[in-house]
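Chain by chain, the residues run as shown.
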Amino acid sequence: MKIGFIGLGRMGFPLASHLVKNGLDVTAFDLNLAQIEKFIQLGGKSAENIQHIAKNADIVFTMLPGPKQSKEVILGDNGVLANLSEGKYLIELSTIDTDTVDLLYQHAKEKNIKFADAPVGRLAAHADLGESLFMLGAETAEFDYLQDLLLKMGTTVLHCGEPGAGTRMKLINNLMVLCYCQLNSEALVLAQGLGLDAKKTFEVLTGTTASNGQLKEKWPQKVLNNDLTPGFDIALGFKDLTLACQAAQSTGISLPVGNLVRNMFQLARHAGKDGQDTSSMTDFWAEVNQIEKIRI
Ligand code: NAD
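These numbers come from a predicted model, not from an experiment.

Observations regarding the environment of Cys181
Stage number 1. With respect to the element layout, Cys181 can be found in helix α9 (residues 165–193).
Stage number 2. Sequence separation between Cys181 and Lys218 is 37 residues, and the spatial gap between their C-alpha atoms is 10.0 Å.
Stage number 3. Leave out the neighbours within four places in its chain, and Cys181 touches Gln214, Trp219, Phe265, Thr278 and Met281.

Here it is as structure tokens:
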């Protein structure tokens, strides 16, 4: 079985690496040559372009920043669907919007290419350890096969429904994740403003039902530990909040908190936080309130 993997960024790199470590034949492509070099050192292969990947693969995974790049790479003139043969698989791992995932599915179906969306849950640190969760949108008949494959990169596969359902679930998941980023930041900054000890505050908040996975697992590794390198970039967080707000608008569902938090992320981006981890919202919130950065 030959696998093509497009997008070796913070998430794609560890996911593709686990496929290689599990003995699979993986050829990757990314615009960033440094990532390709690292991948070759791990035993992976590289291709010069997307055409080469798709022509030679039984399965192509894409793990790209968002809808724009997915459409270019998958639907472009020399893209994945133009070169993948009938009966092969395209599995979209990126977080994209509902219209784009439906469009990709429709184009794949027209070409008799099997399509599934399997956006990834949990932290980048989990992806490094091979402990990701996949929200799978796939036809039921394909589930067993796809589950076996995805378990080579992670520990959990949840079948959310037909193709497109994985993406819809991921937007809901990230809406909550990203609202926690804002809520955690406000709470920690207020605690600091009240003169409370940061370590003790963290102990209390993670020891009661106020706790959440972001605060408990990510904050002590990232912002509170002064590591601002992106596990999940503020720019990507903003993209996902935008996609959730668009989904709410198109279904007529009100999303008051989601829209508010999207605006907060936008302000953080204007303050220069792109390229930093989403937990840096706590630094942003400290800065606008003119209090010291919180570290434990
Ligand atoms: P990233 O920016 O680190 O990686 C994206 C990669 O895609 C980069 O290496 C970039 O060079 C490559 N790329 C961009 N355009 C390309 C093109 N036209 N052709 C080939 N390669 C191209 O982003 P990431 O953090 O790895 O996230 C990837 C996706 O996974 C996003 O949709 C994100 O929302 C989602 N996601 C991220 C996390 C996380 O914690 N980082 C978790 C789950 C899901």
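Right, picking up where we left off after that structure.
A look at the environment of Lys222
Stage number 1. Here Lys222 is to be found in the loop between α11 (213–218) and α12 (234–251).
Stage number 2. The class for Lys222 is buried, based on a relative accessible area of 12%.

Some remarks on the pattern of salt bridges
Stage number 1. Per the stated rule, a full pass over the model turns up 13 salt bridges.
Stage number 2. Among the ionic pairs, Asp128 bridges to Arg10, the shortest N-O distance being 2.8 Å. One end of the pair, Asp128, is in helix α7 (residues 124–129); the other, Arg10, is in the loop between β1 (2–6) and α1 (12–21), with 118 residues separating them in the sequence.
Stage number 3. A salt bridge links Asp58 to Lys88, with the nearest nitrogen and oxygen atoms 2.9 Å apart. Of this pair, Asp58 sits in the loop between α3 (50–56) and β4 (59–62) while Lys88 sits in the loop between α5 (80–83) and β5 (89–92); the two residues are 30 residues apart in sequence, bridging distant segments of the chain.
Stage number 4. With relative accessibility at 26%, the residue Asp58 sits in the partly exposed group.
Stage number 5. A single salt-bridge network, built from bridges that share partners, covers Lys2, Asp25 and Lys45.

Reading the values: the criteria
Residues numbered from 1 in each chain as written. Predicted model: local features only at pLDDT ≥ 70, side-chain atom pairs only at ≥ 80, totals over all residues. Heavy atoms only, no water. Helix = DSSP H or I, 4+ residues; strand = E, 2+ residues; numbered from the N terminus. Contact = heavy atoms within 4.5 Å. Buried < 20%, exposed > 50% of the residue type's maximum accessible area, 1.4 Å probe, protein only. Salt bridge = Lys/Arg side-chain N within 4 Å of Asp/Glu carboxyl O.

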